[in-house]
Amino acid sequence: MKVKINRNAAKSLKKMMEQEEAQGKLFRVYVTSIHGDHAHYDLRLDTPTENDEVIKTDKEIDFILDKNDEYLDGVWIQFFQVPKEEWLITNPSKGGHHHHHH
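Colleague: Could you give me a rundown of the packing of aromatic side chains, with the residues and numbers involved?
Modeller: Scanning the model with the defined rule gives one aromatic pair in all. Across the ring face of W76, the terminal group of K4 is positioned such that the distance to the ring centre comes to 4.4 Å. One cation-aromatic arrangement involves R44 over Y30; the distance from NZ or CZ to the ring centre is 4.4 Å.

Here it is in structure tokens:
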């Protein structure tokens, strides 16, 4: 499974972990809701369970993903400071023009 993160996001998350003194905790990326062919994501501090995979990124920050949730694979976490502070968590490999038939 893969996670991509931009530099601003990595910096913000590291700062949050320092403030929370999050010993042994990592940020979990999880799906909050699914709309048709795309999902909405959020982050929270958590500890991994046996259903999870810990994913390393190239920005020295690791994430917890539920390895049974296909929507999480390839998620891209971005944080922008301009024009306003905002988080954008998307999954380019699962959005828009991708239809799963169950």
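Colleague: Report on the nonpolar core, specifying residues and quantitative values.
Modeller: Core analysis: the largest hydrophobic core is formed by 25 residues, its most contacted members being I5, V29, Y41, L43, F63 and I77. Going through the elements one at a time, strand 1 (3–5), helix 1 (7–20), strand 2 (26–35), strand 3 (38–46), strand 5 (62–66) and strand 6 (75–80) are the ones with two or more residues in this core. When neighbours within four sequence positions are excluded, V29 is seen to be in contact with Y41, D42, L43, F63, I64, L65, L72, V75 and I77.

Colleague: Summarise the sheet that holds strand 1; cite the residues concerned and give the values.
Modeller: Pairing within the open sheet is mixed, and its three strands lie in the order 1-6-7. Two strands bound the open sheet, and with one partner strand each, they are strand 1 and strand 7 (86–90). The sheet shows a mean angle of 15 degrees between the axes of neighbouring strands, taken without regard to direction. Here strand 1 runs beside strand 6; their pairing, made up of three bridges, is parallel.

Colleague: Mind laying out unusual backbone geometry, listing which residues take part and the relevant values?
Modeller: That bond from V82 to P83 is cis: its omega, -5 degrees, falls within 30 degrees of zero. Structurally, P83 is set in the loop between strand 6 and strand 7. Residues other than glycine seldom take positive phi values, yet E21 does so here, at roughly 45 degrees. Along the polypeptide, E21 turns up in the loop between helix 1 and strand 2. Given the relative accessible area of 59%, E21 is considered exposed. Not every positive phi belongs to a glycine, and E60 is a case in point at roughly 60 degrees. Structurally, E60 is set in the loop between strand 4 (52–56) and strand 5. With relative accessibility at 70%, the residue E60 sits in the exposed group.

Conventions adopted
- Residues numbered from 1 in each chain as written.
- Predicted model: local features only at pLDDT ≥ 70, side-chain atom pairs only at ≥ 80, totals over all residues.
- Heavy atoms only, no water.
- Phe/Tyr/Trp six-rings, centres within 6.5 Å; stacked < 30°, edge-to-face > 60°.
- Lys NZ or Arg CZ within 6 Å of the ring centre and 35° of its normal.
- Core = buried A, V, L, I, M, F, W, Y, C linked by side-chain atoms within 4.5 Å.
- Buried < 20%, exposed > 50% of the residue type's maximum accessible area, 1.4 Å probe, protein only.
- Helix = DSSP H or I, 4+ residues; strand = E, 2+ residues; numbered from the N terminus.
- Contact = heavy atoms within 4.5 Å.
- Pairing = 2+ DSSP bridges.
- Axes fitted to C-alpha atoms, helices over the stretch in contact; angles between N-to-C directions.

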